[in-house]
Amino acid sequence: MRTRTRTTVAVLAATLALSAVTTAGASAASAAPAAPASAVTRTVADDPAPPRDDSGAAAPTPGAPAGGTTTDPAAGSATPGNDPAGGTTTDPAAGSATPGGDPAGGTAKAAPADPAAPPASSHCTETAAQELGWGAPTRESDFDGTTVPPDWHPYGPEPGHNKKGTRTPEAVTVADGAMTISADADGNTGAVSWHPGQKYGRWEACVKSDEGRGGINALLLLWPVAEDFPVGGEVDWMEIMDDSRQKTSFFLHYGPGNDQDYGSVKHDSTQWSAYALEWTPEKITAYVNGKEWYSNTDTDQFPPRPMNMTMQLDYFGNAGGPTAMHMDWARQWALPQSTVATLSLPPGSAATGQPRDFPDRKPRELSGPEQQAQTAMLAREHR
């Protein structure tokens, strides 16, 4: 599975048909103490956190402590920070800082949207970028062609999540202005990752998920570019596990024991929805249609190195029939504190979630010609 992040916004709009959900922080895999309640704010919980194993699958774990605080959706959420540190962070897998985004790197209410920002998609008219004034993205994909763009890398062919089913590039298609991942009753499905990644930033995607039967999860996440899960973290900023696609979960995986923090929100994801994540040195926040539903300021739980965005339709071993998820567009913003990953995949190459079995598909330092091809591709993409 892949990791995703969440962004904290000051106001939960009552106009959105979101039933708030409280997060119950869970230390799922180790006996490490839960994050301080003051560090994490979530919307009102309607169920306990479903613990997950180190492969990302839901798994019963008795005795996992609950944490977090409950907030009134009508009153908004106030999340006190617990780490004043900021600035640019460097690490072995990261390059130099990339300018752009909010100069403060925070999540406070921003100035009106930059008029140079791209217009909202016809499918997602309410976005965090519009609501918070994020301006023009650093990168974007609109899927106007008929093939998967070369900076999106389908997985496989390889065994699927937790070695169940098969991830195949044939499951990822582009048509009619959207990228689609399809899954069948035999567990054939797909995943696709967006390279190069970055440490810190903002991501937003306009997606919808068809109803499913029997255990096929729709996900948007951030996954460690270095392929060093669990120590590299994982941010599942949209994980939809129920067949009706009426509830979205957030899982923040961290630490060598794969501890996890959890949040959820009721939302109809069979409709086109703009899911967004903001990751700054101080905070991780998640939004849907411009409204915050999860945040975390416990920086000890944050990923230590660059991450790349991933879209997955994961087979959990009991698939009951065909389903699909669709992406109308994806956008990424760099912050002043952001660092671009020096590890990447050559344009058009296959990706993997199992680097031990498929080391040739693991992100690496690109050769000179490969780097030139990637730079030219990204320059064309941003025009």
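Each remark here, short or long, concerns the structure printed above.
Thresholds applied
Residues numbered from 1 in each chain as written. Predicted model: local features only at pLDDT ≥ 70, side-chain atom pairs only at ≥ 80, totals over all residues. Heavy atoms only, no water. Helix = DSSP H or I, 4+ residues; strand = E, 2+ residues; numbered from the N terminus. Contact = heavy atoms within 4.5 Å. Areas by Shrake-Rupley, 256 points an atom, 1.4 Å probe, with all protein chains shown as cover. Disulfide = S-S within 2.5 Å. Salt bridge = Lys/Arg side-chain N within 4 Å of Asp/Glu carboxyl O. Buried < 20%, exposed > 50% of the residue type's maximum accessible area, 1.4 Å probe, protein only. Pairing = 2+ DSSP bridges. Core = buried A, V, L, I, M, F, W, Y, C linked by side-chain atoms within 4.5 Å.

Student: Would you mind going over the overall build of the protein chain with me for this structure?
Tutor: A tally of helices and strands in the protein chain yields two helices and 24 strands. By sequence separation, contacts in the protein chain at least 24 residues apart represent 75% of the contacts at least 6 residues apart. Accessible surface, the protein chain: about 14,100 Å² in total, of which carbon and sulfur atoms supply 55%.

Student: For this particular structure, what's the right way to read the state of the cysteines?
Tutor: One pass over the structure, following the stated rule, counts one disulfide. Between the sulfur of Cys124 and that of Cys206 lies a disulfide, 2.0 Å long from S to S. On the S-S bond that ties Cys124 to Cys206, the torsion sits near 85°, and the link is right-handed. Here Cys206 lies in strand β12 (residues 201-209) and Cys124 lies in the loop between β3 (94-97) and α1 (128-132), a separation of 82 residues in the sequence.

Student: Looking at this structure, how should I read the pattern of salt bridges?
Tutor: Here the structure, examined in full by the defined rule, presents 10 salt bridges. Taking the shortest distance from any N to any O, the salt bridge between Arg361 and Glu158 comes out at 3.7 Å. Of the two residues, Arg361 is situated in the loop between β23 (343-344) and β24 (364-365) and Glu158 in strand β6 (residues 158-159); the sequence distance between them amounts to 203 residues. Of the residues examined, Arg361 reaches a relative accessible area of 13% and is grouped as buried. Several salt bridges converge on common partners, so that one network encompasses Glu158, Arg167, Asp314 and Arg361.

Student: Is there a simple way to think about the pairing of strand β9 (residues 178-183) in this case?
Tutor: Each regular strand displays side chains that alternate between the two surfaces of the sheet. Burial analysis of β9 places five of its six residues in the buried class, the great majority of the element. Where strand β8 (residues 172-175) lies against β9, four bridges are found, and the strand directions are antiparallel. The partner of Ala175 across the bridge, within β9, is Ala178.

Student: How should the nonpolar core be read in this particular structure?
Tutor: Soluble globular proteins: nonpolar side chains tend toward being buried together. Membership of the largest hydrophobic core comes to 43 residues, with the highest contact counts inside it found for Leu220, Trp237, Phe250, Met309 and Met327. Ranked by residue count, the leading element in this core is strand β20 (residues 307-315), at five residues. Residues within four places of Met309 in sequence aside, it is in contact with Trp152, Val192, Ser193, Trp194, Trp203, Ala205, Leu220, Leu221, Leu222, Trp237, Met327 and Ala330. With seven residues, the next largest nonpolar core counts Ala129, Ala276, Tyr287 and Trp333 among its residues.

Nothing here speaks to function; it is geometry throughout.
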